[in-house]
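Structure at a glance
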Amino acid sequence: MKTPKEYRDNLLNHIITKQMLVDCLYSVNNEPKTIVIKKGNKERILDVIGM
C-alpha cells in the first residue's frame, strides 16, 4: 500500500492525526499472521493462530 500524499505531507510537518493512527493500527492488525520456516530447500508456512 502506498502512503497517501496527505499523510506524507503531515509527517514532514510533524503532524499525526487521529485518522492516521487509526489507519496504521488497522494495517498492522490485518497483516498476514503467518511464519515461514526454512529448512534446507524446503519452506513451511505456519498459521500463527492455528499452528
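Because the structure is a prediction, the values reported are computed rather than measured. Per chain, residue numbering runs from 1 following the sequence as it is written. Only residues with pLDDT of at least 70 are given local features in this predicted model, and only at 80 or more are side-chain atom pairs given and counted; all residues enter the totals for whole chains, interfaces and linings. Water and hydrogen atoms were dropped before computing side-chain values, which therefore reflect all heavy atoms in the structure.

Let us now look at the confidence of the model for the chain. Every residue is assigned a pLDDT by the predictor, reflecting its confidence on a scale from 0 to 100. For the chain, per-residue confidence averages 77 on the pLDDT scale, and residues scoring 70 or more make up 55% of the total. The weakest mean pLDDT in the chain belongs to strand E2 (residues 42-47) at 61; the strongest belongs to helix H1 (residues 5-12) at 94. To qualify as a helix, a DSSP run of H or I must reach at least 4 residues; to qualify as a strand, a run of E must reach at least 2; elements of each kind are numbered from the N terminus.

Further remarks concern unusual backbone geometry. Although it is not a glycine, histidine 14 adopts a positive phi angle of roughly 60°. For histidine 14, a relative accessible area of 76% gives the class exposed. Only protein chains enter the accessibility calculation, which uses a 1.4 Å probe; a residue whose area is less than 20% of its type maximum is buried, one above 50% is exposed, and one in between is partly exposed.

This part covers the pattern of salt bridges. Put simply, a salt bridge is a Lys or Arg side-chain nitrogen that is within 4 Å of an Asp or Glu carboxyl oxygen. A complete count under the given rule lists one salt bridge for this structure. One salt bridge connects aspartate 9 with lysine 5, and the closest N-O pair in it is separated by 2.8 Å. One end of the pair, aspartate 9, and the other, lysine 5, are both in helix H1, four residues apart, so they sit about a helical turn from each other.

Let us look at the environment of leucine 11. Looking at where leucine 11 falls in the secondary structure, it is placed in helix H1. Beyond its immediate sequence surroundings of up to four residues, leucine 11 is in contact with Ile16 and Met20. In what follows, residue pairs with any heavy atoms lying within 4.5 Å of each other are defined as contacts.

A word on the side chain of asparagine 10. Examined against the element boundaries, asparagine 10 turns out to sit in helix H1. Residues within four places of asparagine 10 in sequence aside, it is in contact with Ile15, Thr17 and Met20.

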